[in-house]
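Coordinate inspection notes
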Amino acid sequence: MLINIAKPSDLTEADVTPESIYLSRRRFMGGVVGLGAGLTLSNPTHANADYSDVPQGDSPAWLKEKISGTEWRAITPDDPDKDKIAPYDDASNYNNFYEFGTGKTDPARRAGSLRTEPWSVVIDGEVNNGGRFALEDIAKPSQFEERIYRLRCVEAWSMVIPWLGIPLADIIQRAEPTSKAKYVRFETLVDPEQMPGQRSSFSLIDWPYVEGLRLDEAMHPLTLLAMGMYGRELPNQNGAPLRLVVPWKYGFKSIKSIVRITLVEEQPVNSWQLIAPNEYGFYANVNPEVDHPRWSQATERRLPNSLFSPNTIDTLMFNGYADEVAELYAGLDLKANY
Ligand code: MTE
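Cut-off values and rules
Residues numbered from 1 in each chain as written. Predicted model: local features only at pLDDT ≥ 70, side-chain atom pairs only at ≥ 80, totals over all residues. Heavy atoms only, no water. Near = heavy atom within 4 Å. Polar contact = N/O pair within 3.5 Å; in protein donor to acceptor, adjacent residues only side chain to side chain. Areas by Shrake-Rupley, 256 points an atom, 1.4 Å probe, with all protein chains shown as cover. 1 Å grid on protein atoms, 1.4 Å probe; cavity = no way out; pocket = protein on both sides within 12 Å on 5 of 7 lines; lining within 4 Å. Sits in = over half its atoms within 2 Å of the grid points. Nonpolar A, V, L, I, M, F, W, Y, C, P; charged D, E, K, R; others polar. Salt bridge = Lys/Arg side-chain N within 4 Å of Asp/Glu carboxyl O. Buried < 20%, exposed > 50% of the residue type's maximum accessible area, 1.4 Å probe, protein only. Helix = DSSP H or I, 4+ residues; strand = E, 2+ residues; numbered from the N terminus. Phe/Tyr/Trp six-rings, centres within 6.5 Å; stacked < 30°, edge-to-face > 60°. Lys NZ or Arg CZ within 6 Å of the ring centre and 35° of its normal.

1. A few points about the site of the ligand
Near the ligand, the surroundings consist of 17 residues, among which Tyr98, Glu99, Arg243, Ser254 and Lys256 are the closest. In this structure, Glu99 approaches the ligand through a side-chain N or O atom, which is 2.8 Å from a nitrogen atom. Between the ligand and Arg243 there is a distance of 2.6 Å, counted from an oxygen atom to a side-chain nitrogen or oxygen. Alone, the ligand offers 540 Å² of accessible surface; in the complex the protein occludes 98% of this. One can see that the ligand is located within the largest pocket. Here the shell around the ligand is built from residues that sort into 8 nonpolar, 6 polar and 3 charged.

Take a look at the structure:
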């Protein structure tokens, strides 16, 4: 995969986007946006992307406005045969969101009860500029971007999903971390009235669902705070109104419906690590050479698939983002730090 740092004048949207997508996007963008400096990929492969059939949700006016101003700075997976964007129906009906049940179709059936507006996020801990912020105010100063990423679940299935959002680094910079800040800890909403999975007495998870990143991972330009996908706001089952997306890590790191972001000194313990520390670690980097104790991580089922067409593909180191992120782990034993 090839990623350039482009000057704003170097590329236009059309340079990184096949014409069919470019045209369909222009329909709801209402204009062409040049690419800004930052990560860009000059390797367009998504001729199958067309969001014109994707049902539009009921997002607040400020979010509609942010989405319409999106810069299509896609980070495009590079295999034109394997890395096709999953149909919206698959991405929004095959989910893991234990707050709404443990079945893959539970979130789509039950997450309608989540009220995502108004929404606020507490940013606290080792920061000089913390507080409780309305989601709108978190989003407002940042440019929305589209990022087409592979999502590789630890359960060995994967999809390619086009996210919309802002770099997490923007939020962290604005919070002004102190010199003690070494990690970022995230929490999902706890509200059993809205989240039926939190009412279940069989739940393994000690709510809230918690995740964490090292500060340099959190600041990495690939790390996204998503507020939308497929050219629209996030459906509730995908973690509305705010979720993390860390494309080189197993999907469980991509925490949904975030209400708190805390800069901390010590490495946080994430929910899955707490439940089964021998199976799920803090790092959770996609790694075909380190198997889960109960199954191989060497291959994955790329969705959509079927019984007759299992669509099994090789799993790539760091989910295919090694050129961008491997240096974060130089000298780290990836077998011990799974
Ligand atoms: N976040 C919360 N709060 N609760 C969850 O159960 N599941 C994780 C992650 N984020 C989860 C979560 C797992 S295991 C995966 S694979 C991804 O969300 C799935 O994201 P998707 O449903 O949008 O594909």
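2. Considering the pattern of salt bridges
As enumerated under the stated definition, the model contains 19 salt bridges in all. As a salt-bridge pair, Asp79 and Lys82 come within 3.9 Å of each other at their nearest N and O atoms. For Lys82, a relative accessible area of 42% translates into the label partly exposed. The partner of Asp106 in a salt bridge is Arg109, with the nearest N and O atoms 2.5 Å apart.

3. Here's the deal with the environment of Asp53
Topologically, Asp53 is positioned in the loop between strand E2 (38–40) and helix H3 (61–68). Residue class for Asp53 comes out exposed when judged on its relative accessible area of 71%. Note: C-alpha distance between Asp53 and Pro87 (34 residues apart in sequence) is 9.9 Å.

4. A word on the packing of aromatic side chains
What the rule picks out here adds up to 12 aromatic pairs. With a centroid separation of 5.1 Å and an interplanar angle of 90°, the aromatic rings of Tyr94 and Trp157 are classed as edge-to-face. Of this pair, Tyr94 sits in the loop between helix H4 (88–91) and helix H5 (106–110) while Trp157 sits in strand E6 (residues 157–167); the two residues are 63 residues apart in sequence, bridging distant segments of the chain. Relative accessible area serves as the criterion here: at 25%, Tyr94 is assigned to the partly exposed category. Looking at Trp157, the relative accessible area reads 4%, which means it is buried. Here the aromatic rings of Phe318 and Tyr329 are separated by 5.4 Å at their centres, their planes lie at 20°, and the arrangement is stacked. Taken together, the residues Phe318 in the loop between strand E14 (312–314) and helix H10 (322–325) and Tyr329 in the segment after H10 connect sequence positions 11 residues apart. The structure contains a cluster of three or more aromatic residues connected by ring pairs, namely Tyr183, Phe282, Tyr283, Phe318 and Tyr329. When the ring centre of Tyr321 is taken as origin, the NZ or CZ atom of Arg150, which lies over that ring, is 5.5 Å away. Its guanidinium or amino end placed over the ring of Phe282, Lys253 lies 4.4 Å from that ring's centre, counting from NZ or CZ.

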